[in-house]
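For reference, the chains in residue letters:
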Amino acid sequence: MNGAAAGVSGVGAVAWTADEMMAVEASRRLRNGDVCFVGIGLPSLAANLARRTHAPECVLVYESGTIGAKPTMLPLSIGDGELAETADAVVSVPEMFAYWLQGGRIDVGFLGAAQIDRHGNLNSTVIGDYQTPKVRLPGGGGAPEIASSVSDVFVMLRQSPRAFVERLDFKTSSGERVRVVVTDLGILEPRGGELTLVSVHPGSTVDDARAATGWDLKVAPDVQETESPRPAELEALRALGTKGRE
Amino acid sequence: MNGAAAGVSGVGAVAWTADEMMAVEASRRLRNGDVCFVGIGLPSLAANLARRTHAPECVLVYESGTIGAKPTMLPLSIGDGELAETADAVVSVPEMFAYWLQGGRIDVGFLGAAQIDRHGNLNSTVIGDYQTPKVRLPGGGGAPEIASSVSDVFVMLRQSPRAFVERLDFKTSSGERVRVVVTDLGILEPRGGELTLVSVHPGSTVDDARAATGWDLKVAPDVQETESPRPAELEALRALGTKGRE
Amino acid sequence: MAEIVSLSEAVRELVADEHTVALEGFTHLIPHAAGHELIRQGRRDLTVIRMTPDVVYDQLIGMGCVRKLVFSWGGNPGVGSLHRLRDAVENGWPAPLELEEHSHAGMAAAYAAGASNLPFGLLRGYADTDLPARTRVGFVTCPFTGEQLAAVPAHRPDVGIIHAQQADRHGNVQLWGITGVQKETVLASKRAIVTVEEIVDELEPRPGAVVLPSWVIDAVACVPGGAHPSYAHGYYERDNDFYVAWEPISRDRDVFTAWIREHVLEAVSV
Amino acid sequence: MAEIVSLSEAVRELVADEHTVALEGFTHLIPHAAGHELIRQGRRDLTVIRMTPDVVYDQLIGMGCVRKLVFSWGGNPGVGSLHRLRDAVENGWPAPLELEEHSHAGMAAAYAAGASNLPFGLLRGYADTDLPARTRVGFVTCPFTGEQLAAVPAHRPDVGIIHAQQADRHGNVQLWGITGVQKETVLASKRAIVTVEEIVDELEPRPGAVVLPSWVIDAVACVPGGAHPSYAHGYYERDNDFYVAWEPISRDRDVFTAWIREHVLEAVSV
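### Comments concerning the overall build of chain C
Working step 1: Counting its regular elements, chain C contains eight helices and 15 strands.
Working step 2: Each principal axis of the C-alpha distribution contributes one length, and for chain C these read about 55 × 45 × 30 Å.
Working step 3: The burial tally for chain C puts 67% of its 270 residues in the buried class.
Working step 4: Taking as baseline every contact in chain C between residues at least 6 positions apart, the subset at least 24 positions apart corresponds to 74%.
Working step 5: Summing over all exposed atoms, chain C offers an accessible surface of approximately 8800 Å²; the carbon and sulfur share of this is 46%.

### Focus: the interface of chain D and chain B
Quoted interface sizes are often the accessible area lost when the parts come together.
Working step 1: In this complex, chain D contributes 15 residues to the contact, which on the side of chain B involves 14 residues.
Working step 2: For chain D, the biggest contributors to the area lost against chain B are S116, L187 and W215 of chain D; these three give 43% of the whole.
Working step 3: Among the ionic pairs, K183 of chain D bridges to E95 of chain B, the shortest N-O distance being 2.8 Å.
Working step 4: Across the contact surface, chain D and chain B share five residue pairs in polar contact (both at pLDDT 80 or more).
Working step 5: When contributions to the side of chain D that touches chain B are tallied by element, the ones reaching two or more residues are α5 (104-115) and α6 (182-188) of chain D.
Working step 6: The greatest single-element share of the side of chain D that touches chain B, amounting to four residues, is contributed by α6 of chain D.
Working step 7: A class-by-class count of the residues in the side of chain D that touches chain B yields 10 nonpolar, three polar and two charged.

### Comments concerning helix α4 (residues 83-91) of chain C
Along an α-helix, residues three or four apart share an orientation, since each turn contains 3.6 residues.
Residue and element names in this part refer to chain C.
Working step 1: Judged by how many residues are buried, α4 sits mostly within the fold: seven of nine residues are covered.
Working step 2: Taken residue by residue, α4 has H83, R84, L85, R86, D87, A88 and V89 as its buried positions.
Working step 3: Looking one or two residues past α4, G92 carries a phi angle of roughly 65°, positive in sign.

### With respect to helix α2 (residues 42-52) of chain B
Residue and element names in this part refer to chain B.
Working step 1: For α2, the tally of buried residues reaches 10 of 11 residues, placing the bulk of the element in the interior.
Working step 2: Within the sequence span of α2, burial applies to L42, P43, S44, L45, A46, A47, N48, L49, A50 and R51.
Working step 3: Where α2 is buried, its residues touch α1 (18-28), β1 (35-38), β2 (59-62), β5 (108-111), β10 (152-156) and α7 (231-240).

### Observations concerning the nonpolar core
Working step 1: Grouped together as the largest cluster of nonpolar side chains are 79 residues, with contacts concentrated most on W100 of chain A together with V173, L212 and I217 of chain C.
Working step 2: The residues contacting L212 of chain C, other than those within four sequence positions of it, are I162, G171, N172, V173, L175, K183, V186 and I217 of chain C.
Working step 3: Counting residues in each nonpolar core, the second largest holds 78 residues, with W100 and I106 of chain B, A109 of chain C together with V186 of chain D among its members.

### Here we look at the sheet that holds strand β9 (residues 138-141) of chain D
Residues and elements named next belong to chain D.
Working step 1: Across the sheet, which stays open at both edges, the three strands sit in the order β8-β10-β9 with antiparallel pairing between neighbours. Strand pairing shows two members of the sheet lacking a second neighbour, β8 (120-123) and β9, which therefore form its edges. Mean inter-strand twist for the sheet, computed between neighbouring axes without regard to direction, equals 40°.
Working step 2: Examined bridge by bridge, β8 and strand β10 (residues 148-153) share four bridges and lie antiparallel to one another. Pairing of G121 across the sheet is with V152, part of β10.
Working step 3: Across the sheet, α5 lies against β8 and β10, angled at about 135° from β8, the strand it touches most.

### A look at the sheet that holds strand β13 (residues 194-200) of chain A
Residues and elements named next belong to chain A.
Working step 1: Strand order in the open sheet made by the 10 strands is β4-β3-β2-β1-β5-β10-β11-β12-β13-β14, with mixed pairing throughout. Two strands close off the open sheet at either side, each with one partner strand: β4 (89-90) and β14 (218-225).
Working step 2: Examined bridge by bridge, strand β1 (residues 35-38) and strand β5 (residues 108-111) share two bridges and lie parallel to one another. Each residue of the ladder has a partner; that of C36, found in β5, is V108.
Working step 3: Contacts from helix α1 (residues 18-28) reach β5, β10 (152-156), β11 (178-182) and β12 (186-191), with the element oriented near 170° to β10.
Working step 4: Sheet strands touched by helix α2 (residues 42-52): β1, β2 (59-62), β5 and β10. Its angle to β2, the strand with the most contacts, is close to 155°.

### Observations concerning the interface of chain C and chain B
Working step 1: Between chain C and chain B, the residue contacts involve 37 residues of the former and 40 residues of the latter.
Working step 2: Summed over both partners, the interface of chain C with chain B comes to about 3300 Å²; 59% of that surface belongs to carbon and sulfur atoms.
Working step 3: In terms of surface lost to chain B, no three residues of chain C exceed D128, R134 and I178 of chain C, which account for 17% of the buried area on that side.
Working step 4: Taken together, chain C and chain B are joined by two salt bridges.
Working step 5: Here K171 of chain B makes a salt bridge to D128 of chain C, at a shortest N to O gap of 2.4 Å.
Working step 6: Of all the secondary-structure elements, those providing two or more residues to the side of chain C that touches chain B are α4, β7 (98-101) and α5 (104-115) of chain C.

### Focus: unusual backbone geometry
Residue and element names in this part refer to chain C.
Working step 1: Residue P94 is bonded to the preceding W93 through a cis peptide linkage, with omega at 0°.
Working step 2: Among the secondary structure elements, P94 is positioned in the loop between α4 and β7.
Working step 3: Despite not being glycine, E18 shows a phi value in the positive range, around 70°.
Working step 4: Relative to the helices and strands, E18 is located in the loop between α1 (7-14) and β2 (20-23).
Working step 5: Classification of E18 as exposed rests on a relative accessible area of 60%.

### Quick word on the packing of helix α3 (residues 54-62) of chain C against helix α7 (residues 240-251) of chain C
Any two packed helices are characterised by how steeply their axes cross, that is the angle between the axes, and by the distance between the axes.
All names here are of chain C.
Working step 1: Close contact between α3 and α7 brings their axes to 11 Å; oriented N to C, the two are set at 25°. By the angle class used here, α3 and α7 are roughly parallel. The element α3 and its partner α7 pack so that their crossing is left-handed. Seen from α3, the contacting residues are D54, V55, D58 and Q59; seen from α7, they are F242, Y243, W246 and S250.

### Here we look at the environment of P190 of chain A
Residue and element names in this part refer to chain A.
Working step 1: Note on placement: P190 falls in strand β12.
Working step 2: With 124 residues separating them in the primary sequence, P190 and T66 have C-alpha atoms 31 Å apart.
Working step 3: Excluding its chain neighbours within four sequence positions, the residues that come into contact with P190 are V178, R179, V180 and L195.

### Regarding the pairing of β10 of chain D
Working step 1: Within β10 of chain D, five of the six residues are buried, leaving the element largely enclosed by the surrounding structure.
Working step 2: Where β9 of chain D hands over to β10 of chain D, the hairpin turn is made up of six residues, of which G146 of chain D adopts a positive phi near 80°.

### Observations concerning the pattern of salt bridges
Residue and element names in this part refer to chain A.
Working step 1: If you walk through the whole model with that rule in mind, you get 70 salt bridges over all chains.
Working step 2: Of the charged contacts, one joins R28 and E233 as a salt bridge, the two residues approaching to 2.9 Å between their closest N and O atoms. Here R28, found in helix α1, pairs with E233, found in helix α7 (residues 231-240); they are 205 residues apart in sequence, far enough to count as distant.
Working step 3: One salt bridge in this structure joins R118 and E194, with 3.2 Å as the shortest N-O distance. Residue R118 is found in the loop between β6 (115-116) and β7 (122-123), and its partner E194 is found in strand β13; the two are separated by 76 residues along the sequence.
Working step 4: Relative accessible area serves as the criterion here: at 19%, R118 is assigned to the buried category.
Working step 5: Classification of E194 by relative accessible area gives buried; the value is 14%.

### Regarding the packing of aromatic side chains
Aromatic ring pairs are reported here in terms of the distance separating the ring centres and the angle at which the planes meet.
Residue and element names in this part refer to chain C.
Working step 1: Scanning the entire structure with this criterion turns up 20 aromatic pairs over all chains.
Working step 2: Between W176 and Y235, the aromatic rings sit 6.4 Å apart at their centres with planes inclined by 50°, giving tilted as the arrangement. Taken as a pair, W176 in the loop between β12 (173-175) and α6 (182-188) and Y235 in the loop between β15 (219-222) and α7 lie far apart in primary sequence, 59 residues in all.
Working step 3: Taking the relative accessible area as the measure of exposure, Y235 reaches 31% and is therefore partly exposed.
Working step 4: Each ring, one from W246 and one from F256, has its centre 6.0 Å from the other, and the planes form 80°; the classification is edge-to-face.

Scoring rules and cut-offs
- Residues numbered from 1 in each chain as written.
- Chains lettered and ligands numbered in written order.
- Predicted model: local features only at pLDDT ≥ 70, side-chain atom pairs only at ≥ 80, totals over all residues.
- Heavy atoms only, no water.
- Helix = DSSP H or I, 4+ residues; strand = E, 2+ residues; numbered from the N terminus.
- Buried < 20%, exposed > 50% of the residue type's maximum accessible area, 1.4 Å probe, protein only.
- Contact = heavy atoms within 4.5 Å.
- Areas by Shrake-Rupley, 256 points an atom, 1.4 Å probe, with all protein chains shown as cover.
- Buried area = accessible area lost by both parts, 1.4 Å probe.
- Salt bridge = Lys/Arg side-chain N within 4 Å of Asp/Glu carboxyl O.
- Polar contact = N/O pair within 3.5 Å; in protein donor to acceptor, adjacent residues only side chain to side chain.
- Nonpolar A, V, L, I, M, F, W, Y, C, P; charged D, E, K, R; others polar.
- Core = buried A, V, L, I, M, F, W, Y, C linked by side-chain atoms within 4.5 Å.
- Pairing = 2+ DSSP bridges.
- Axes fitted to C-alpha atoms, helices over the stretch in contact; angles between N-to-C directions.
- Parallel < 35°, antiparallel > 145°, perpendicular 65-115°, else oblique.
- Left-handed = near helix turned anticlockwise from the far one by under 90°.
- Phe/Tyr/Trp six-rings, centres within 6.5 Å; stacked < 30°, edge-to-face > 60°.

Keep in mind that these numbers describe shape and distance, not what the molecule does.
Structure representation (structure tokens):
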């Protein structure tokens, strides 16, 4: 799993990691019955957690073509066999993108990236110049059309000045439908067309979030502290495990 | 089956009908391994006959989505269950038309019609004016794209001045790829861009064919007499039967 | 999530006069029972979409439920004409019928476009025919090759209605055999009704099956025999004799009307 | 009709230098053995198409077989970077690599367009991104709504290569599980090679299976384990440890080259 346990320790009875806080907070925002387009890693963790807690009817759709997958363990790849075995239906990749994603059948899509700007636009293509890149990143994959086809885009991304930038090196996907950005420090939501810090996680401060942002971060006047992961949430989360970890 | 036995009696040992002559002659023109897009009635009869005689590897594709169907009895409808049960693959109708027909995977397509002109253009839409038709015909169905997508179009049509017309009331499909027209009287092939009588069936004459054509029919200098259905062909043909007749 | 309801409730709740409705099923699984319910509930001024109108639309047209027909092949398969369709077009009985006709390829592309949330379907078609002058088709130019291609407006029915073999108790649906254009019909439609042969505890995966999750369907109604005289693969065969018998019934207005009264209007809703 | 031949013969007969080749398989059934055969036979200046280049294209690129890569997501799934791909793009080692990158939706539409003999695939995509400035995408206007839609040039590979679970002795092929874009890859390609886990007397129909008739395939080669480190549903699991192990192997040019020598070049052709 990418971004595996970072060892940040939270306040409250049970210690938890930044990844766990991010997964729990993203999971809380999924409504029962939501149809979610999930990738691997934290998004998959968050969506599977939701199915095991408050949103058992949450439908997991993986871009590999599996609709309604119910994995018992977290898949390491979006094409793991168990996804097909437990799915309500498996469709071809062209059908997945045409009928299901573009068809407007997906409520929530999760995205990550190497860079994000204040409007929620994302870069997962290159760092540096396109023709002579400092770092060639994997590229857009499903992101460009996920960002424009689902109702709500959830971004999960660790906060740092290198990731939260004033200007993207490349715009891989549009921020138009980004509803929330869950980071390791807090939660950002678009307010007046700009991502605004609305909550900080226990153990983090507004100044931490400001320092980890490459632009002058707007902070909501009513900025909250995120509720720590509840023991039940952590238990369900840790019970998930991953094949990769076995 | 449409155009069922007309009772025309042929010369030669065994009596046969016009439909049988048409089916046998169309069948003879199918090469082993040809992939055929077949409709119901005479085309289905001809293609199934070919599989039972000289072209066992002939592949039958029905627009209902069945690829490589091997019906034991002649289907009455293109969607008969046996077509699906005996097919190598069953695909959706959109896939059939997009990947298989438009994709250029079909060698031979059979067409019928209410009217044909000297260029092989067909009308299966209306007799009379489109807005106030004398007869509203079923319409194009698969014909417009069959006519433009397969390599060779075979037309099977009973010859009469009402069907073989100087001017179509409506052009439902293009004659560009029509390679042969098999009628109850003979065989027409395009020569110099115009359908030309190249063979007459036993019991019919060139004058019969001329009289049954609404334009001044070109006759090949080397016009032949069609070989009568061989006993083996008739036996195989009659063994086919049809569900409708049972 | 699909609700499991009676067919009469599904039609009453979801289908209104002037709606655009698509009842699909390519020879196989034609939703005849749903068509009969539309007649019983007296729907009017419908725009009905179907590749092959078949007997089910001959009946709707003959009973005056239809203002416009969008189709590609309007015959009685293996038998001949649809006489109620012809009578409406040729003589305006019981009411004039507006036609929008396409090719099968065009109709299939229009359903796929609707399911894909595209405004039009792209195909090589309609070229060198009289169809473009008589139907809704446009042409677009390939930005790479300069080729001209046909564009058919996407089908986006208000209600899509299909018949399937099975649903489970959550309203997930499975159909198999010749699956036609039914998946596209459901996904292209704003609302979807599925009638099924039976409701089972668990959908056992089958070769060649199409599975539609409950959350793309609005109503599932259990209507055994709901496809007759069409067939349901694994349940009953096509009633070819009925299609032959329909020829004389549909030929005569009075015989047709009497047949509908006896077999549809006076039949009990399910 | 497909001929059943050895993989080395299939590649020798059908794949030439400068060909455009697509090896597909979405996480599942990735034709790694076929990629290794391309390396062993020293193909050069290939244009390779693949949604997710994965380890198989990292190897082809690192061995200098590739001039141009057409792709949509070039990472090591669940692990990180494809270092040979990055080294080629960032440092031109062993040779500069031309990129044409799309989104998954664009690649899928391009394959479907190729299979449909259309010059381009139509989709709602690429909008409000920097992709159009860096790749081959055009825009067309809907003749009915005036909307602008993306047009991606169809994929028409010279050779499409996939891996499947089974073929019968006639060369008919069946694959199941996650079937990805393999049907479109075969149908979009001028020639097709299929490697299979086993050749059976009869293909037993399976739920969710894709069946490709022998007459759309040119060569079938029996290569058990031909998808490793990817997996073959019903045969073996994905070797997740290999994907993790590939990270340090691919990071270093010499370690990579040694690994290829030992595991590919000195391995026997099948």
